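# Topology and contacts: notes
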Amino acid sequence: GMSPTGVGCDADFGGQAGGSRRRRLLLCRALLGDVCYTTGPTVGLALPPERCTDDGSGRYDCVVANLGIPNGRAWPQLHREVVIWNHGGVQIYPEYVVEVLLF
């Protein structure tokens, strides 16, 4: 799944080849579809959870972990996190490329 973020510090994982301080971020719109709001840790989740319905209508489209829930670490979830299983590229739409230079 893809994990878009509303928190800029989460978007800056790792370094760039050659030590460049220039970063490019994609500003996207995302369709969440049928959301599973988790209430606990979801580490290692390879697929979205199955829906709890009588007709067995498949899996959720994305998982959302809200601020403050337990996440299996010594501290609670520090920000809202969304993981989207992008079905054929139809749920995330890039709109802008933002280039920044870190000081």
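Residues numbered from 1 in each chain as written. Predicted model: local features only at pLDDT ≥ 70, side-chain atom pairs only at ≥ 80, totals over all residues. Heavy atoms only, no water.

## What to know about the sheet that holds strand 4 (residues 81-84)
As a general point, the strands of a sheet are linked pairwise by backbone hydrogen bonds and lie either parallel or antiparallel. The strand order across the open sheet built from three strands is 2-3-4, with neighbouring strands paired in mixed fashion. Every interior strand has two partners, whereas the edge strands, strand 2 (35-37) and strand 4, have only one. Neighbour-to-neighbour, the strand axes of this sheet turn through a mean angle of 20 degrees, independent of strand direction. One ladder, built from four bridges, connects strand 3 (residues 62-65) with strand 4; its direction is antiparallel. The residue bridging Ala 65 from the neighbouring strand is Glu 81, located in strand 4. (Pairing = 2+ DSSP bridges. Helix = DSSP H or I, 4+ residues; strand = E, 2+ residues; numbered from the N terminus. Axes fitted to C-alpha atoms, helices over the stretch in contact; angles between N-to-C directions.)

Scope: geometric values only; no functional claims are made or implied.
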